[in-house]
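Each chain is listed here by its residues.
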Amino acid sequence: MLVTTTVAFLARPEVLGAAAILAIAYFLLPWAINYVQLQRLKKPAVDVPVLNLKGKSFDEAAEYYLYHFKEILQQGYDRFKTVYKKGAFQVWGIDGYIVIVSPQYLEELNALGTDTLDFHSASQKRIIGEYEWLRIADELEAHTILTDLTRNIGNLLPNIHKEIEHALATEWPDCPEWRPVKVWPSMFRTMALVISLMIVGPELSRDEYWLSTMINFVEDVFVGGWQLKKYSLFMRPIVARGLVPGIRSVWRHQENARRLIVPMIERRRAEKARAEAAGEDYVKPQDMVYWLAEGAAKTNPPRSDANVAELCLMMNFAALHAATVTLTNIVFDLAARPEYIAPLREEYAAAKAKYGGGLTEKQAILVNSLSRLDSFMKESQRMNPGTLTTFSRLVRRDIHLSSGLHLPAGTHILVPAAMISLDGDVYEDPLQFRGFRFHEQRAAAEDTMYAKQFTTTSPQQMHFGYGRQACPGRFFASAVIKCITMHLLEEFDLKLVDPKAGRPQNAIKGAMNIPSETAEIMMVRRQ
Ligand code: HEM
């Protein structure tokens, strides 16, 4: 009886009609909304030439951007000096225009507040899509790196040296004879151990569960971002709520980090309270967990311990990949130019003799004195930066630049850092690798001492970004890369597998310029 009544009800023309309308709305509405959103995105908001759309569909242009961004950037950069009087051009990226601006604007742009030009929203949009499934950049994190970490580099170095020695013994193949060795995996593990030590300190740093959480988090943030961007604009806010596997993995890593780090913070807090009550000195831990927890207590409102644990993961996200890329490039360049190895060893030996060597508080001075190595690192980064563009910023409020260029709110801008580094007006013989060029410039003129360091940023040296959001971790990265490189050169001789084939080539995808993860060089342990 009930079945018959239901069937009769469903068969009524008005019910059938309503069902048809609902079905159409269900399938058609998302498509229509997505279509309208896409059409809006496809209309360029900035009046400067688009370099990758001529004769191509938007999908083809996105593909071209992914695999030919370097050529596009070079073409546009060359025209800054002649044709593009407004000092800007744009490309159609994965899902929107990106405006590439000339470095001539850097001072003007840097004077703007973060409410007008926003680094954090740009990172959020570029890496993970616009939706808040993860907070990708954070002021407390950047501030703690720039202040506490940078101030304490000298104190951390003795333990960092020990960690590198441990990594060299356990993560690097034993090669009593010359043999081919894959560089990336050993570099990655060595860097991961050192960064883990800096973040969580010795009590947790070698814990494999924590290490895999920390390492997989980095990978899964990118995976989550890519998976999300495969959905239509309409669906993204919905699936970003955990319907994408990569996003769920990221949340799982965060949960693991909270489980490991929150009890650590609570234990330390109890130990500190006990020591203070007993009138004893509390020995402050020297790691990010401690510094971040101290900083978090002072914010208004105070941040939770859970948030500190999440920031520890984010810190690793900013640090591990960029530092491993830079280090691997340096090792490839050393293998390709073994003539630099003896002068670098000589410099290290002299510095050790002068500053005492060993595990002393003079470690920071020793590391800072390695001017030849600093120069080699900077030259390696100049020729092969990890990203072709930096100064990624989202315009929050309309900007009118002095040249007349109008950047409306919503514009995503970048600066072509790699092209500046290959500009003959900026660098002499820009296509020549001259490992000691910056060392020679520093030696020749006192006033360029600090202007030519690996960590220096300026409109001519953009690989750590520029201005108020320039990389806060660059001083730490510089010290660690120097230590690892010197340990490596003390322990091994290096050369290319096939000198005729040259240095292993990097792979470029979009703005990323990444050294090969499988390339080998020849290595032998020194007697
Ligand atoms: C050689 C290795 C590294 C390179 C090439 C590098 C490069 C960069 C670049 C290009 C930026 C954007 C700056 C801008 O747009 O103005 C940046 C930001 C950042 N970097 Fe690095 N970085 C490196 C290592 C590190 C390390 C070791 C840490 C942590 C200890 C770190 C933490 C950060 C953070 C937190 C930000 C965001 C800054 C903010 O929120 O204001 N980086 N980095």
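The structure displayed is predicted, hence computed values, not measured ones.

### Comments concerning the overall build of the protein chain
- For the protein chain, the count of helices and strands is 19 helices and twelve strands.
- The C-alpha atoms of the protein chain give 26 Å as radius of gyration, which agrees with the globular expectation for 527 residues (24 Å, within 12%).
- Based on the C-alpha atoms only, the size of the protein chain along its principal axes is roughly 95 × 70 × 50 Å.
- In the protein chain, which comprises 527 residues, the proportion classed as buried is 52%.
- Considering only residue pairs separated by 6 or more positions, the protein chain has 73% of its internal contacts joining residues 24 or more positions apart.
- Positive and negative side-chain charges of the protein chain, numbering 60 and 59 respectively, have mean locations separated by a distance of 3 Å.

### Considering the side chain of Gln363
- Structurally, the position occupied by Gln363 is in helix 15 (residues 363-368).
- Overall, Gln363 belongs to the buried group, its relative accessible area being 4%.
- A distance of 2.8 Å separates the side chain of Gln363 from the side chain of His161, its partner in a polar contact.

### What about the coordination of the iron atom of the ligand?
- Protein coordination of the iron atom of the ligand is limited to a single donor, Cys471 (SG), positioned at 2.3 Å.
- Positionally, Cys471 belongs in the loop between helix 18 (437-444) and helix 19 (474-491).

### What to know about the site of the ligand
- Among the 26 residues in the neighbourhood of the ligand, the closest are listed as His120, Arg393, Tyr466, Gln469 and Cys471.
- The separation between an oxygen atom of the ligand and a polar main-chain atom of Phe391 is 3.4 Å.
- In the model, an oxygen atom of the ligand is placed 2.9 Å from a nitrogen or oxygen of the Arg393 side chain.
- Listing elements by their share of the shell around the ligand, those giving two or more residues are helix 5 (119-128), helix 6 (139-151), helix 13 (305-336) and strand 5 (390-395).
- Structurally, the shell around the ligand is a two-domain feature, drawing no fewer than three residues from each of domain 1 (45-137 + 388-421) and domain 2 (139-387 + 422-525).

### Brief notes about the environment of Leu109
- You can see Leu109 is positioned in helix 4 (residues 106-110).
- Assessed through its relative accessible area of 1%, Leu109 is described here as buried.
- Once the C-alpha coordinates of Leu109 and Ser186 are considered, the two residues, 77 residues apart in sequence, prove to be 40 Å apart.
- Contact partners of Leu109, with chain neighbours within four places excluded, come to Val101, Leu117, Phe391, Ile399, Leu401 and Ile413.

### Let's talk about the UniProt feature "transmembrane region" (unreviewed entry) in the protein chain
- What UniProt calls "transmembrane region" (unreviewed entry) maps, in this numbering, to residues 15-33.
- End C-alpha to end C-alpha, residues 15-33 measures 26 Å, and it is 100% helix and 0% strand.

### Re the UniProt feature "binding site: heme" (unreviewed entry) in the protein chain
- Residues annotated in UniProt with the feature "binding site: heme" (unreviewed entry) correspond here to Cys471.
- For Cys471, a relative accessible area of 26% translates into the label partly exposed.

### Observations regarding the packing of aromatic side chains
- Inspection of every chain in the model, using the stated rule, returns 17 aromatic pairs.
- Seen from their ring centres, Trp172 and Phe492 are 6.0 Å apart, and the 45° between their planes marks the pair as tilted. One end of the pair, Trp172, is in the loop between helix 7 (153-170) and strand 4 (179-182); the other, Phe492, is in strand 9 (residues 492-496), with 320 residues separating them in the sequence.
- Both rings, one in Phe222 and one in Phe317, keep their centres 5.4 Å apart while their planes meet at 35°; by these two values the pair is tilted. With Phe222 in helix 9 (residues 208-229) and Phe317 in helix 13, this pair connects stretches of sequence that are 95 residues apart.
- Overall, Phe317 belongs to the buried group, its relative accessible area being 11%.

### Concerning a nonpolar patch on the surface
- A surface patch of nonpolar side chains, about 550 Å² in accessible area, is lined by Ile24, Leu28, Trp31, Tyr35 and Val36.
- Position of Leu28 relative to the elements: it lies in helix 2 (residues 13-42).

### Points about the sheet that holds strand 1 (residues 88-92)
- The five strands lie next to each other as 1-2-8-5-3, forming an open sheet whose pairing is mixed. Strands with a single pairing partner mark the edges of an open sheet, and in this sheet they are strand 1 and strand 3 (117-118).
- When strand 2 (residues 97-101) meets strand 8 (residues 412-415), the two strands line up parallel, connected through two bridges. Each bridged residue has a counterpart across the sheet, and for Val99 the counterpart in strand 8 is Ile413.
- Strands strand 3, strand 5 and strand 8 of the sheet are contacted by helix 5, whose axis makes an angle of about 100° with strand 5.

### Brief notes about unusual backbone geometry
- The omega angle of the peptide bond from Asn300 to Pro301 is -5°, so this bond is cis rather than trans.
- Within the secondary structure, Pro301 is located in the loop between helix 12 (288-298) and helix 13.
- Of note in the backbone geometry, Phe391 takes a positive phi value of approximately 55° without being a glycine.
- Locating Phe391 in the fold gives a position in strand 5.
- Owing to a relative accessible area of 4%, Phe391 belongs among the buried residues under this scheme.
- Of note in this structure, Asp429 is not a glycine but carries a positive phi near 45°.

### What to know about the pairing of strand 2
- Counting buried positions along strand 2 gives five out of five residues, so the element sits mostly inside the fold.
- Going residue by residue along strand 2, you find Tyr97, Val99 and Val101 tucked away on one face and Ile98 and Ile100 tucked away on the opposite face as well.
- Of the strand pairs in this sheet, strand 1 and strand 2 are connected by five bridges, and their pairing is antiparallel. Looking across to strand 2, one finds that Ala88 is bridged to Val101.
- If you look at the hairpin formed by strand 1 and strand 2, you'll find four residues sitting between the two strands, and Gly96 has a positive phi there, around 155°.

About the thresholds
Residues numbered from 1 in each chain as written. Predicted model: local features only at pLDDT ≥ 70, side-chain atom pairs only at ≥ 80, totals over all residues. Heavy atoms only, no water. Helix = DSSP H or I, 4+ residues; strand = E, 2+ residues; numbered from the N terminus. Rg over C-alpha atoms; globule rule 2.2 N^0.38 Å. Buried < 20%, exposed > 50% of the residue type's maximum accessible area, 1.4 Å probe, protein only. Contact = heavy atoms within 4.5 Å. Lys, Arg positive; Asp, Glu negative; His and termini not counted. Charge placed at Lys NZ, Arg CZ, Asp CG, Glu CD. Polar contact = N/O pair within 3.5 Å; in protein donor to acceptor, adjacent residues only side chain to side chain. Donors = N, O, S within 2.8 Å, 3.2 Å for Na, K, Ca; no water. Near = heavy atom within 4 Å. Domains from an automatic or database assignment. UniProt positions renumbered as here; feature names shortened; annotations may be inferred. Phe/Tyr/Trp six-rings, centres within 6.5 Å; stacked < 30°, edge-to-face > 60°. Patch = residues over 30% accessible without salt bridge, like charges linked within 9 Å, V, L, I, M, F, W, Y side chains within 5 Å. Areas by Shrake-Rupley, 256 points an atom, 1.4 Å probe, with all protein chains shown as cover. Salt bridge = Lys/Arg side-chain N within 4 Å of Asp/Glu carboxyl O. Pairing = 2+ DSSP bridges. Axes fitted to C-alpha atoms, helices over the stretch in contact; angles between N-to-C directions.

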